[in-house]
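# Observations on the model geometry
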Amino acid sequence: MSRAAVPGLPSPHPIGELLPALFADDDFAQRFTAGLDTVLAPVFATLDNLPAYFEPRLAPEDFLTWLASWVAIETDPAWPAEVRRTVVRRAIELHRRRGTRRGLTERLRLILGVGAQIVDGGGVAWSTTPGAALPPAPSGELLVRVWPERGAAAVVEEQVLAVVRACCPVHLTCRVQMLPGPPVAPASPASPDSPDSPGPAGRAEN
């Protein structure tokens, strides 16, 4: 990735001032080196501000995708720049929670500005009654209920599905349900609903 010339950007180290005194008043030499200063000025500016290029909150926008590749996280150019900066900055946290209800809920809130409720058929069931009938087989379907938050624009189902599928094991099918607001009651009271309990990828954290 290269940095283009910036019109009018002064060089902190003009070459003309470093020439022998013989060329100090040489018009051709000064004009010639001034052209080189225009090329080198962005290089000096980049080196002088190099730490900022590795800070997602400060890096130029065209560097965000490059930084995202360093932390193995995908960003969509269609996302607002601030969302991409936040996703890259919190990449480690998102990786740690990948495959959990909390991780998927946080990712949806962070990227799309929506609240979410994750309903998973689950792969574990229990009973305190001896000889109870076996539970039915897991449905293999992941239901994601979403609703707009923080004054977000209309939620697009395809965008929600794209985020969900990126975090969901391939053996599960995903279904999105659009809601006008948060549901009144939990959708799956029989399963543990702790924020960190394994959700869609509880079986994928192998």
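As shown above, the structure is provided for reference.
What counts as what
Residues numbered from 1 in each chain as written. Predicted model: local features only at pLDDT ≥ 70, side-chain atom pairs only at ≥ 80, totals over all residues. Heavy atoms only, no water. 1 Å grid on protein atoms, 1.4 Å probe; cavity = no way out; pocket = protein on both sides within 12 Å on 5 of 7 lines; lining within 4 Å. Points joined across faces, edges and corners; volume = space filled by probe spheres on them. Helix = DSSP H or I, 4+ residues; strand = E, 2+ residues; numbered from the N terminus. Buried < 20%, exposed > 50% of the residue type's maximum accessible area, 1.4 Å probe, protein only. Pairing = 2+ DSSP bridges. Salt bridge = Lys/Arg side-chain N within 4 Å of Asp/Glu carboxyl O. Axes fitted to C-alpha atoms, helices over the stretch in contact; angles between N-to-C directions. Contact = heavy atoms within 4.5 Å. Parallel < 35°, antiparallel > 145°, perpendicular 65-115°, else oblique. Left-handed = near helix turned anticlockwise from the far one by under 90°. Nonpolar A, V, L, I, M, F, W, Y, C, P; charged D, E, K, R; others polar. Phe/Tyr/Trp six-rings, centres within 6.5 Å; stacked < 30°, edge-to-face > 60°.

What follows covers the layout of surface pockets. The calculated volume of the largest pocket comes to roughly 480 Å³. Lining the largest pocket are 21 residues, and of these Glu-74, Asp-76, Trp-79, Ile-111 and Val-163 lie nearest its centre. Breaking the lining of the largest pocket down by element, the ones donating at least two residues are helix H4 (81-89), helix H6 (101-112) and helix H7 (157-167). A total of five residues in the lining of the largest pocket trace back to one element, the largest contributor, which is H7.

Counting buried positions along strand S1 (residues 114-120) yields seven of seven residues, so the element is predominantly enclosed. Burial along S1 is two-sided: Val-114, Ala-116, Ile-118 and Asp-120 facing one way and Gly-115, Gln-117 and Val-119 facing the other are all buried. Pairing of S1 with strand S2 (residues 141-148) involves seven bridges; the strand directions are antiparallel. Note on S2: the bridge partner recorded for Val-114 is Pro-148.

So, on to empty space enclosed by the protein. Which parts of space are left empty comes out when a probe the size of a water molecule is rolled across the atoms. All chains considered together, the criterion is met by one cavity of 30 Å³ or more. Considering only enclosed or pocket space, the largest cavity measures out at about 40 Å³ in volume. Leu-94, Arg-97, Arg-98, Gly-99, Thr-100, Gly-103, Leu-104, Arg-107 and Cys-167 are the residues that line the largest cavity. Among the elements that take part in the lining of the largest cavity, H6 stands out by supplying three residues, more than any other.

Moving on to the pattern of salt bridges. Under the counting rule described, the total for this entry stands at nine salt bridges. Among the charged side chains, a salt-bridge network with shared partners connects Arg-90, Glu-93, Arg-97, Glu-106, Arg-109 and Glu-149.

Here three strands make up an open sheet; going across it, the order is S1-S2-S3 and the pairing mixed. Whereas interior strands pair on both sides, the edge strands pair on one side only; in this sheet they are S1 and strand S3 (173-178). Neighbour-to-neighbour, the strand axes of the sheet open up by a mean angle of 25 degrees, direction not taken into account. Here H6 sits on the sheet in contact with S1 and S2, set at roughly 155 degrees to S1. Running at roughly 145 degrees to S3, H7 makes contact with S2 and S3 of the sheet.

So, about the packing of H6 against H7. Their axes nearest at 10 Å, the elements H6 and H7 cross at an angle of 140 degrees. With respect to each other, H6 and H7 are oriented oblique. Read as a crossing pair, H6 and H7 show a hand that is right-handed. Residues Leu-104, Arg-107, Leu-108, Ile-111 and Leu-112 of H6 lie in contact with H7, whose contacting residues are Gln-159, Val-160, Val-163, Val-164 and Cys-167. Of the residues contributing to the contact of H6 with H7, the split by class is eight nonpolar, one polar and one charged.

Below, the discussion takes up the packing of aromatic side chains. One pass over the full model with this rule turns up six aromatic pairs. Through a chain of ring-to-ring contacts, the aromatic side chains of Tyr-53, Phe-54, Phe-63, Trp-66 and Trp-70 assemble into a single cluster.

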